[in-house]
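Listed below are the residues making up each chain.
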Amino acid sequence: MKRIYFILVCLSCTVTTFAQWGNNQKQGQNQQQTEHRNQWQQQGQRQFSPELFNKQLEQFVKDNAGLSTTECQKLFPLMHEMLNKQREINGKIQYTISQGFGDKDEKEYEDIINKVTNFEVESKKIEQTYYKRFHTILSWKKIYRVRFALSQWNMEVLKIFNPRQQQSWLGQRQISVPNRKEVQSPSLKQNKSSE
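All of these numbers come straight from a predicted model, not from anything done at the bench. Per chain, residues are indexed from 1 in the order of the written sequence. In keeping with the predicted nature of the model, local features appear solely for residues at pLDDT of at least 70, side-chain atom pairs appear and are counted solely at 80 or more, and the whole-chain, interface and lining totals rest on all residues. Side-chain measures were taken over the full set of non-hydrogen atoms in the model, leaving aside hydrogen atoms and water.

A short note on the packing of helix 3 (residues 69–98) against helix 4 (residues 106–134)
Put simply, the test is: All axes are obtained by fitting lines to C-alpha atoms, using only the stretch in contact for helices, and the reported angles, taken between N-to-C directions, cover 0 to 180 degrees. Secondary structure is summarised from DSSP: a helix means a run of H or I of at least four residues, a strand means a run of E of at least two, and numbering begins at the N terminus for each. When describing relative orientation, an angle under 35 degrees is termed roughly parallel and one over 145 degrees roughly antiparallel, while 65 to 115 degrees is termed roughly perpendicular and anything else oblique. Only Asp, Glu, Lys and Arg are considered charged, only Ala, Val, Leu, Ile, Met, Phe, Trp, Tyr, Cys and Pro nonpolar, and every remaining residue, Gly among them, polar.
Interaxial distance between helix 3 and helix 4 falls to 9 Å at its minimum, and their mutual angle equals 175°. Between helix 3 and helix 4, the angle falls in the class roughly antiparallel. Considered class by class, the residues forming the contact of helix 3 with helix 4 number 14 nonpolar, 3 polar and 8 charged.

Right, dumping it as structure tokens:
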């Protein structure tokens, strides 16, 4: 009987501790969200600003891809054109996916999947076409760096809109493109060190 009473007391203490810890975590997240909003307000923005977003995107790509000012002036209009076309296709994808909610038969789901896949292929073809156009301005190495910077930008944006992962603000962190020699699988590193 004493053991059961002791176990119940321990469990209640544990539950209370975890409840307090959870409240502290929520307060920390709320504080991060408030800080994020304050940063936008300090920059004179009360809502999302496409102009500010594009300006920060351009600065991020310029810094991380190592572009000159003249390269940026030629590249960014094409890059925004490509991104706008891809955004339009992503809207079609989201709309098509939303058609799958509710009761559908197998044929309707097959049609949805085929449409979404075709939109994704169309988006990649647009990307491929624009990369060839970028090559009139940049070397393939710099195009690779632009592409890498755009993917890193997307990760940064996801962190901003996911309060659990708000660790850095846009543009504060420089991300370098690794050399091929620096990127090796752990098994290769182990084999070289054992030799």
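Focus: the side chain of Gln-86
Stated formally: Polar contacts, as counted here, are pairs of nitrogen or oxygen atoms within 3.5 Å of one another; within protein the pair requires one atom able to donate a hydrogen and one able to accept it, and residues that are adjacent in sequence qualify only if both atoms are side-chain atoms. Whether two residues are in contact is decided by their heavy atoms, any of which lying within 4.5 Å being enough.
Assignment of secondary structure puts Gln-86 in helix 3. There is a polar contact of 3.2 Å between the side chain of Gln-86 and the side chain of Glu-127. In this structure Gln-86 touches Ser-123, Ile-126 and Glu-127, once residues within four positions along its chain are discounted.

Examining the pattern of salt bridges
For clarity, the cut-off: A pair is scored as a salt bridge if a Lys or Arg side-chain nitrogen falls within 4 Å of a carboxyl oxygen belonging to Asp or Glu. Partly exposed describes any residue whose relative accessible area lies between the buried limit of under 20% and the exposed limit of over 50%, with all areas from a 1.4 Å probe on protein chains only and scaled to the type maximum.
Under the criterion given, the structure shown has 5 salt bridges. Notably, a salt bridge pairs Glu-81 with Arg-133, separated by 3.4 Å at the nearest N-O pair. Here Glu-81 is found in helix 3, whereas its partner Arg-133 is found in helix 4, with 52 residues between them in sequence. Taking relative accessible area as the criterion, Glu-81 reaches 32% and is therefore assigned partly exposed. Linking Lys-124 and Glu-127 is a salt bridge whose minimum nitrogen-to-oxygen distance equals 3.2 Å. Of this pair, Lys-124 and Glu-127 both sit in helix 4, 3 residues apart, roughly one helical turn. Assessed through its relative accessible area of 49%, Lys-124 is described here as partly exposed. For Glu-127, a relative accessible area of 10% puts it in the buried group. Each member of the salt-bridge network shares a partner with another, and the members are Lys-124, Glu-127 and Arg-147.

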